[in-house]
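Each chain, letter by letter, is given below.
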Amino acid sequence: MSAQTTTAGFILASSDIAEGELIGAMHTFNGFGCAGGNISPALSWSGAPPETKSFALTCYDPDAPTGSGFWHWVVFNIPATVTRLPRGAGDPKSAAAPKGAVQSRTDYGVVGYGGPCPPPGDKPHRYQFTMFAVDVAKLDAEEQSSAAVVGFNLHFHTLAKARLTGLYGR
């Protein structure tokens, strides 16, 4: 299991993605010329501040050639009692996400996880999975909210962050 901490003591880990290593085909996008499984990775976290009222997760590619990066997964209002997302929780048609959690639109234009699929020939991109400890139980956002709206809310309500970065190129 690989883990990285951004805020002292708050750790995000995965049995599917190792820090700084390549992300497996199971987790890559199925479309845009990629033929992966598009299954979100298993993630777990620990060490959140005691005043945490909920969690939020984002997966972001800062290397995407868009001028503004690319949002691959946005989940918020994860109850404070939850400390893991099982593999496949990013599929909004499954019941794998925690009750009460909201998955919102990604830059693929749909709700739920959309795996890595950088342009052919690019150097491997970084995929930053960031878990936020949040000081409110519910953010002022909804399923159709953009990552920017969720990020705006997180800016004002984040207590701590933990990040895990995987790589993928083709």
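As a reminder, the structure under discussion sits directly above these lines.
Because the structure is a prediction, the values reported are computed rather than measured.

Undergrad: How would you explain the nonpolar core if you had to name every residue and give the values?
TA: Counting 25 residues, the largest nonpolar core has F10, L12, W45, W73, I78 and F129 as its most contacted members. Secondary-structure elements contributing two or more residues to this core are strand 5 (43–46), strand 6 (54–61), strand 7 (70–79), strand 10 (125–134) and strand 11 (158–168). Core analysis: the second largest hydrophobic core is formed by nine residues, V74, L139, V150 and L154 among them.

Undergrad: Break down the sheet that holds strand 10 for me, citing the residues and quoting the values.
TA: The sheet built from five strands is open, its strands ordered 9-7-6-10-11 with antiparallel pairing. Every interior strand has two partners, whereas the edge strands, strand 9 (102–103) and strand 11, have only one. Direction of pairing for strand 10 relative to strand 11: antiparallel, over a ladder of ten bridges. Within strand 11, the residue paired with Q128 across the bridge is T165.

Undergrad: Can you tell me about the pattern of salt bridges, naming the residues and giving the values?
TA: This model, assessed by the stated rule, comprises three salt bridges. D16 is the salt-bridge partner of R87, the closest N and O atoms lying 2.4 Å from each other. In this pair, R87 is assigned in the loop between strand 8 (84–85) and strand 9 and D16 in the loop between strand 2 (11–14) and strand 3 (30–31), connecting sequence segments 71 residues apart. On the basis of relative accessible area, D16 is assigned to the buried category, the value being 19%. A salt bridge links D63 to R126; the shortest N-O distance between them is 2.7 Å. Residue D63 is located in the loop between strand 6 and strand 7, and its partner R126 is located in strand 10; the two are separated by 63 residues in the primary sequence. Within the structure, one salt-bridge network assembled from shared partners comprises D63, K123 and R126.

Undergrad: Go over the side chain of H72 with me, naming the residues and quoting the values.
TA: Tracing the backbone through its elements, the reader meets H72 in strand 7. By relative accessible area, which is 2% here, H72 ends up buried. From its side chain, H72 meets the backbone oxygen of G114 in a polar contact 2.7 Å long. Reaching out from H72, the side chain makes a polar contact with the backbone oxygen of G115 at a distance of 3.2 Å. Setting aside chain neighbours within four positions, we find H72 in contact with C59, D61, T106, Y108, G112, Y113, G114, G115, P116, C117 and Y127.

Undergrad: With reference to specific residues and values, describe the packing of aromatic side chains.
TA: In the structure shown here, the tally under the stated rule is nine aromatic pairs. A ring pair is formed by W73 and Y113, whose centres lie 5.3 Å apart and whose planes are at 80 degrees; its orientation type is edge-to-face. Of the two residues, W73 is situated in strand 7 and Y113 in the loop between strand 9 and strand 10; the sequence distance between them amounts to 40 residues. Relative accessible area serves as the criterion here: at 1%, W73 is assigned to the buried category. Through successive ring pairs, a cluster of aromatic residues spans F29, F32, F70 and Y108.

Undergrad: An account of the state of the cysteines is needed here, citing residue identities and associated values.
TA: Scanning all chains against the criterion turns up one disulfide. The disulfide that involves C34 links it to C117, with 2.1 Å between the sulfurs. In this structure the cystine formed by C34 and C117 twists about its S-S bond by roughly 95 degrees; its chirality is therefore right-handed. With C34 in strand 4 (residues 34–35) and C117 in the loop between strand 9 and strand 10, this residue pair connects regions lying 83 residues apart in the sequence. Neither C34 nor C117 differs from the other in exposure class; each is buried. Between C59, a free cysteine, and C117, which holds the nearest cysteine sulfur, the sulfur-to-sulfur gap is 13 Å. When its relative accessible area of 2% is taken as the criterion, C59 is described as buried.

Conventions and cut-offs
The numbering scheme is per chain: residues are counted from 1 as the chain's sequence reads. The predicted nature of this model means local features are confined to residues of pLDDT at least 70 and side-chain atom pairs, given and counted, to a pLDDT of 80 or more, with totals for whole chains, interfaces and linings taken over all residues. With hydrogens and water set aside, each side-chain value is computed from the structure's full complement of heavy atoms. Each nonpolar core is a collection of buried residues, namely Ala, Val, Leu, Ile, Met, Phe, Trp, Tyr and Cys, held together in the definition by side-chain atoms within 4.5 Å. When a residue's accessible area, from a 1.4 Å probe over protein chains only, is under 20% of the maximum for its type it is buried; when over 50% it is exposed; and in between it is partly exposed. Secondary structure counts use DSSP, requiring at least four H or I residues in a row for a helix and at least two E residues in a row for a strand, with both numbered from the N terminus. Here a strand pair is declared whenever DSSP counts at least two bridges between the two strands. Throughout this description, the term salt bridge denotes a Lys or Arg side-chain nitrogen within 4 Å of a carboxyl oxygen of Asp or Glu. Nitrogen and oxygen atoms within 3.5 Å of one another constitute a polar contact, given that in protein one can donate a hydrogen and the other can accept it, and given that sequence-neighbouring residues count only through two side-chain atoms. Residues count as neighbours in contact if any of their non-hydrogen atoms are within 4.5 Å of one another. Only Phe, Tyr and Trp rings are paired, with Trp represented by its six-membered ring, and only when their centres lie within 6.5 Å; those with planes under 30 degrees apart are stacked, over 60 edge-to-face, the remainder tilted. Note on terminology: pairs of cysteine sulfur atoms within 2.5 Å are recorded as disulfides.

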